[in-house]
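# Overview (structure and organization)
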Amino acid sequence: MTTDTIVVTEAKIHPDAVALLAGYRLVYTGAKFGQDELVALCEREQPVAILARYGRIDRRVLSASPRLKVVGRHGVGMDAIDQEAARELGIAAVAAIGSNSQAVAEHALGLMLACARRIPWLDRRMHDGHWDKAGYIGLELSGATLGIVGCGSIGARVMRFALAIGMQVRVCDPYIEPSTLPPGVVLCALEELLPLCDVLSLHCPLDDATRGLLDERRMGLLRKNAIVINTARAGLVDETAIQQKLKAGELQLGMDCFAVEPMAEDSPWLETPNAVLTPHIGGTTDGGLRGMAVGAAENIVKHLKRPNI
Ligand SMILES: NC(=O)c1ccc[n+]([C@@H]2O[C@H](COP(=O)([O-])OP(=O)(O)OC[C@H]3O[C@@H](n4cnc5c(N)ncnc54)[C@H](O)[C@@H]3O)[C@@H](O)[C@H]2O)c1
Ligand SMILES: O=C(O)[C@H](O)COP(=O)(O)O
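Source: prediction; values computed, not measured.

This paragraph deals with the overall build of the protein. For the protein, the count of helices and strands is 11 helices and 12 strands. At 21 Å, the protein has a C-alpha radius of gyration in line with the 19 Å of a compact globule built from 309 residues. Put simply, the protein has 309 residues, and 48% of those count as buried. Put simply, of all contacts in the protein between residues at least 6 apart along the chain, 56% involve residues at least 24 apart.

What follows is the structure in structure tokens.
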């Protein structure tokens, strides 16, 4: 039995991942902690690995334990991990690729339908005693055009769902081969795509190239009343600009990721109409939670068992 420690930035993880990490001492941070607390914990516990769900794994955290070999991400997005610092320090930073893609793709489809038929708004009105049948017109997704930005594990699933319900699909992804797309799906550049979309769904990572990808000017290229779905990362979209467009009734939004998480008590989102909001739970299904935790645990074990070279 080794006494090597793994810091887990969560209160608990899926039992199948705990079983994979048997033999290591797991130290849990809980879901809420400060950056200084995380650094101090790593200095004290000297982990060989961090299983990272919440918080930022910045240069200070990465430097706090000279024994640290690997950061295994509980999930896919790597934007909260300083990958440049990890490279410099010789620490592997690994995503649990594909671990939650079914869950997120289903959530994106759910948000799309919720916006197209205004289901959350109608539900609130019904509970307040209103019957808003007169004048109601929903958007039928069959025949509507969906633009997908980032056609990887999640985006490709959303594409298949959309094709199954009869949507026209266009994809913007500079890294995929057009020949890998199904017949009828067109690959195009972002600014060519935006004016054609009834629905735009974002599925690319947040990095230096994609930060602010949907800024105010590009939002202006979208059709009036287009639906934007963002289950990827908040930083892809200018939150202030989209809040203004929502208030002006120019766009609709389904949003799962926010610049400030958890949302502040005085967040402008609380007052934003035409937006269906969920608290970053796109990947949080039974299968998604298991996939993320097991994927992270497997990546950690694989790296720790590698001989030093
Ligand atoms: N809401 C959630 O809970 C949740 C869960 C999982 C993932 N995510 C987010 O979704 C993102 C995508 O996840 P995935 O599993 O599909 O990842 P993936 O790596 O399989 O796919 C990402 C795709 O984006 C493409 N891409 C990269 N840069 C691009 C750019 N500039 N423009 C257009 N496309 C670009 C890549 O070529 C790739 O095909 C993650 O990076 C993460 O931030 C959110
Ligand atoms: O990047 C991801 O895979 C998701 O954002 C998952 O985030 P979570 O572990 O907080 O559910």
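To continue, consider the site of ligand 1. Contacts to ligand 1 come from 26 residues, most closely from Ser153, Ile154, Asp173, Thr231 and Asp256. Here threonine 231 contributes a backbone N or O atom positioned 2.8 Å from a nitrogen atom of ligand 1. Burial of ligand 1 by the protein amounts to 85% of the accessible area it has alone, namely 860 Å². Looking at the shell around ligand 1 residue by residue, the classes come out as 12 nonpolar, 11 polar and three charged.

If you walk through the whole model with that rule in mind, you get one aromatic pair. When the ring centre of tryptophan 121 is taken as origin, the NZ or CZ atom of arginine 118, which lies over that ring, is 4.4 Å away.

Around ligand 2, the neighbouring residues are Arg53, Arg73, His74, Gly75, Val76, Gly77, Asn100, Arg233, His280, Thr284 and Met292. In the model, an oxygen atom of ligand 2 is placed 2.8 Å from a nitrogen or oxygen of the arginine 53 side chain. Within the backbone of valine 76, a nitrogen or oxygen atom sits 2.6 Å from an oxygen atom of ligand 2. Here ligand 2 has 320 Å² of accessible area as a free molecule, and 90% of this is covered by the chains. For the shell around ligand 2, the per-class residue count stands at two nonpolar, six polar and three charged.

Rules behind the numbers
Residues numbered from 1 in each chain as written. Chains lettered and ligands numbered in written order. Predicted model: local features only at pLDDT ≥ 70, side-chain atom pairs only at ≥ 80, totals over all residues. Heavy atoms only, no water. Helix = DSSP H or I, 4+ residues; strand = E, 2+ residues; numbered from the N terminus. Rg over C-alpha atoms; globule rule 2.2 N^0.38 Å. Buried < 20%, exposed > 50% of the residue type's maximum accessible area, 1.4 Å probe, protein only. Contact = heavy atoms within 4.5 Å. Near = heavy atom within 4 Å. Polar contact = N/O pair within 3.5 Å; in protein donor to acceptor, adjacent residues only side chain to side chain. Areas by Shrake-Rupley, 256 points an atom, 1.4 Å probe, with all protein chains shown as cover. Nonpolar A, V, L, I, M, F, W, Y, C, P; charged D, E, K, R; others polar. Phe/Tyr/Trp six-rings, centres within 6.5 Å; stacked < 30°, edge-to-face > 60°. Lys NZ or Arg CZ within 6 Å of the ring centre and 35° of its normal.

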